[in-house]
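Secondary and tertiary structure notes
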Amino acid sequence: MQAKEADSRPIYVQIAEDLKSMILSGELAAENRAPSTKELSEFYQVNPTTAAKAMTELSMVGLVEKKRGLGMFVTPGARERIRAERREAFQRTYIEPLKAEADILGLTLHDIIAMLEEEK
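Residue numbers run consecutively from 1 along every chain, following the written order of its sequence. Note on the predicted model: pLDDT of at least 70 is required for a residue's local features to be given, and 80 or more for side-chain atom pairs to be given and counted; whole-chain, interface and lining totals, by contrast, use all residues. Neither water nor hydrogens contribute to the side-chain values; these are computed over all heavy atoms in the structure.

1. Focus on the environment of Asp111
Position of Asp111 among the secondary structure elements: in helix α5 (residues 109-118). Of note is the side chain of Asp111, whose polar atom sits 2.9 Å from the backbone nitrogen of Thr108. Per the convention used, a helix needs a DSSP run of H or I reaching at least four residues, while a strand needs a run of E reaching at least two, with both numbered from the N terminus. As used in this structure description, the phrase polar contact means that two N or O atoms lie within 3.5 Å; if the pair is within protein, one of them must be able to donate a hydrogen and the other to accept it, and residues adjacent in sequence are counted only when both atoms belong to side chains.

2. Here we look at the packing of helix α1 (residues 11-25) against helix α3 (residues 48-60)
Each pair of packed helices can be described by the angle between their axes along with the distance between the axes. Relative to each other, α1 and α3 sit at 55°, their axes nearing to 8 Å. When the axis of α1 is compared with that of α3, the two are oblique. For the element pair α1 and α3, the recorded crossing hand is right-handed. Residues Ile11, Tyr12, Ile15, Ala16, Leu19 and Lys20 of α1 touch α3, and the partners they reach there are Thr50, Lys53, Ala54, Met55, Glu57 and Leu58. Here, axes are lines fitted to C-alpha atoms. For helices the fit covers the stretch in contact, and angles between N-to-C directions go from 0 to 180 degrees. Angle categories are assigned with fixed cut-offs, so that under 35 degrees is roughly parallel, over 145 is roughly antiparallel, 65 to 115 is roughly perpendicular, and the rest are oblique. If you view the pair so one helix is near and one far, a crossing is left-handed when the near helix is turned anticlockwise from the far one by less than a right angle, and right-handed when it is turned clockwise. Residue contacts follow a heavy-atom distance rule, with two residues in contact if any of their heavy atoms lie within 4.5 Å.

3. Section: the UniProt feature "domain: HTH gntR-type" (unreviewed entry) in the chain
On the UniProt side, "domain: HTH gntR-type" (unreviewed entry) is annotated at positions that read residues 9-77 here. In residues 9-77, the share of helix is 52% and the share of strand is 12%. The end C-alpha atoms are 26 Å apart. UniProt positions are given in the numbering used here, feature names are shortened, and annotations may be inferred rather than shown by experiment.

4. Examining the pattern of salt bridges
Between Lys or Arg on one side and Asp or Glu on the other, a salt bridge is scored when a side-chain nitrogen of the former is within 4 Å of a carboxyl oxygen of the latter. What the rule picks out here adds up to seven salt bridges. For the salt bridge of Glu17 with Arg86, the shortest nitrogen-to-oxygen distance reads 3.7 Å. A residue pair is termed long-range when its members are at least 10 positions apart, and Glu17 in helix α1 and Arg86 in helix α4 (residues 78-105) qualify at 69 residues. Burial classes: relative accessible area under 20% of the type maximum marks a residue as buried, over 50% as exposed, and values in between as partly exposed (1.4 Å probe, protein chains only). Taking the relative accessible area as the measure of exposure, Glu17 reaches 22% and is therefore partly exposed. Here Asp103 and Lys99 are joined by a salt bridge, their closest N and O atoms 3.5 Å apart. With Asp103 and Lys99 both in helix α4 and four residues apart, this pair spans about one turn of that helix. Both residues of the pair, Asp103 and Lys99, belong to the exposed class. Because the salt bridges share partners, they merge into one network encompassing Glu17, Lys20, Glu85 and Arg86.

5. Examining the pairing of strand β2 (residues 71-74)
Inspection of the sheet shows strand β1 (residues 64-67) paired to β2 by four bridges, in the antiparallel sense. Residue pairing across strands places Lys67 opposite Gly71, the latter belonging to β2. For two strands to be treated as a pair, DSSP must find no fewer than two bridges joining them.

6. A short note on unusual backbone geometry
Even without being a glycine, Glu31 presents a positive backbone phi close to 70°. Examined against the element boundaries, Glu31 turns out to sit in the loop between α1 and α2 (37-44). At Gln45, a residue that is not glycine, the phi angle is positive and equals roughly 55°. Relative to the assigned elements, Gln45 resides in the loop between α2 and α3. For Gln45, a relative accessible area of 67% corresponds to the exposed category.

Following this line, the structure appears as structure tokens:
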């Protein structure tokens, strides 16, 4: 993936989010080696410091850990933690506003489910 110019977030945040998506999808499994700073900087065509900052972000929240002399590795449970984080964000971003709008419109849970099923 390339950093998206239209995305207003800092590039290191975009890279960290891409890596989280890879962990969530299983592309980067628990206890597997994460891409090195050099690999990330070449892939994203960014300064190695920017790539290192992305890895530092993931390390600070415990999604990757450094194994001396071997590199960074995905921590056990990282996938589940990312899934929980994204579920909470989904709730705040989509479900809460949906519920508020449904209340205003007088829609029931049955009405919403029917609308969702129409979209299949």
